[in-house]
Amino acid sequence: MTMVTAASTEAMLPQPYSVQQVLKETADTFTLTLRPSNGAGASRFQPGQFSMLWVFGVGEVPISISGDPAQHHQLVYTVRSVGEATQMLVNRAVDEAVGVRGPFGRGWPVKEALGRDVLIIAGGIGLAPLRPVIYEVLHNREKYGRLVVLYGTRSPRDRLYRKELAAWVRQRDTQVLVTVDYGGLSWRGHVGAVTTLFKHARLQPARSVAFTCGPEIMMRFVARDLETLGLARENIYLSMERNMKCAVGFCGHCQYGPHFVCKDGPIFAYDRVRPLLGKYEL
Ligand SMILES: Cc1cc2nc3c(=O)[nH]c(=O)nc-3n(C[C@H](O)[C@H](O)[C@H](O)COP(=O)(O)OP(=O)(O)OC[C@H]3O[C@@H](n4cnc5c(N)ncnc54)[C@H](O)[C@@H]3O)c2cc1C
């Protein structure tokens, strides 16, 4: 039985934040910067953790933190409008209130990547929870090996963080490759699934740690191909997404086999979830 403690009760109370900035990324996706309404520092977080964002009168949704973990005065989220709560979130005006619970979950194990090459493979909005890892590596360049970012979207219009993608390409020991499913007439870049970028990536599988986030089917193929290339299963990490309510392991909404995505994840090593991947309705 799970014990209810003062700490767990606190975790259920949304803290008041207000919107500082709303930035349009694509037709349906926006990046929101929130600051605590009381002027205090924002909650510290690990790359890959998420918050529960509360839109008063509508509901609460899990959203990954997509900002820089070194910036302690704000929390940044990239939200795709897919339903009622996310639509209300992206339509928030500056100074409007949002309730924030968290951060929750186990993030990307960036410490495991110290001294090794860091391989980031993202699909669509999956780049959002990976962006804090990229900031972490770029702020501490000497502590990591090569940084390789492979990013796939449906079309060129769906790319997030376009200015930053262009800036990351210019960083030392960094390779950024982008591919799209449908390029259109003006696209001069790669076309195809994100896994088609592996042959263009300068990889050293034996000294790499891979972090991947995107549609589950994409992550399944990414992990399979990485293993074929020589990465050990325990060096491949995936971010799983399930509907959730409490975010602290009480309600069971996000159960995934023997795991709760909210507290055991959302980041899992491939060797832990491999038998579950692709199982129907799990
Ligand atoms: C750990 C975690 C991190 C997430 N990070 C982000 C993020 O950074 N940015 C972002 O835009 N979204 C993220 N999501 C997904 C986001 O929580 C859902 O899009 C949101 O809950 C939808 O709520 P809604 O009320 O707008 O839509 P609803 O009306 O609830 O649903 C609209 C559609 O989305 C589907 N849906 C709802 N919730 C989920 C879910 N959790 N996973 C998959 N499909 C869902 C529904 O089946 C329906 O088809 C994350 C989810 C999890 C679990």
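Residues numbered from 1 in each chain as written. Predicted model: local features only at pLDDT ≥ 70, side-chain atom pairs only at ≥ 80, totals over all residues. Heavy atoms only, no water.

Draft legend 1. A look at the overall build of the protein chain. If you tally the helices and strands in the protein chain, you get 7 helices and 15 strands. Here the C-alpha atoms of the protein chain give a radius of gyration of 18 Å, agreeing with the 19 Å that 2.2 N^0.38 yields for 282 residues. By sequence separation, contacts in the protein chain at least 24 residues apart represent 69% of the contacts at least 6 residues apart. Taken as a whole, the protein chain presents about 13,600 Å² of accessible surface, with 51% of it coming from carbon and sulfur. Side chains of the protein chain carry 33 positive and 24 negative charges; the gap between the two charge centres is 4 Å. (Helix = DSSP H or I, 4+ residues; strand = E, 2+ residues; numbered from the N terminus. Rg over C-alpha atoms; globule rule 2.2 N^0.38 Å. Contact = heavy atoms within 4.5 Å. Areas by Shrake-Rupley, 256 points an atom, 1.4 Å probe, with all protein chains shown as cover. Lys, Arg positive; Asp, Glu negative; His and termini not counted. Charge placed at Lys NZ, Arg CZ, Asp CG, Glu CD.)

Draft legend 2. Structural detail: the nonpolar core. Within the largest apolar cluster, 34 residues are counted, with the highest numbers of intra-cluster contacts made by Ile121, Leu150, Leu226 and Met240. When contributions to this core are tallied by element, the ones reaching two or more residues are β3 (50–55), β7 (117–123), β8 (147–153), α5 (216–229), β12 (236–239), α6 (261–264) and α7 (270–273). Take this core: its biggest share by element is 5 residues, from α5. Met240 has contacts with Glu216, Met219, Tyr256, Val261, Pro266, Phe268 and Leu277, leaving out every residue within four places of it along the chain. In this structure, Ala113, Val149, Tyr237 and Ala269 belong to the second largest nonpolar core, which totals 30 residues. (Core = buried A, V, L, I, M, F, W, Y, C linked by side-chain atoms within 4.5 Å. Buried < 20%, exposed > 50% of the residue type's maximum accessible area, 1.4 Å probe, protein only.)

Draft legend 3. Representation of the side chain of Arg141 within the structure. Within the fold, Arg141 resides in the loop between α3 (131–139) and β8. Despite its burial, Arg141 pairs with no opposite charge; the closest candidate is Asp173, at 4.8 Å N-O. (Salt bridge = Lys/Arg side-chain N within 4 Å of Asp/Glu carboxyl O.)

Draft legend 4. Spatial organisation of the pattern of salt bridges. Summed over the entire model, instances satisfying the criterion amount to 9 salt bridges. A salt bridge links Asp117 to Arg207, with the shortest nitrogen-to-oxygen separation between them at 3.2 Å. Within this pair, whereas Asp117 is found in strand β7, its partner Arg207 is found in the loop between β10 (190–191) and β11 (208–213), the two being separated by 90 residues in sequence. Of the charged contacts, one joins Arg224 and Asp225 as a salt bridge, the two residues approaching to 3.1 Å between their closest N and O atoms. On the basis of relative accessibility, which here comes to 19%, the residue Asp225 falls in the buried class.

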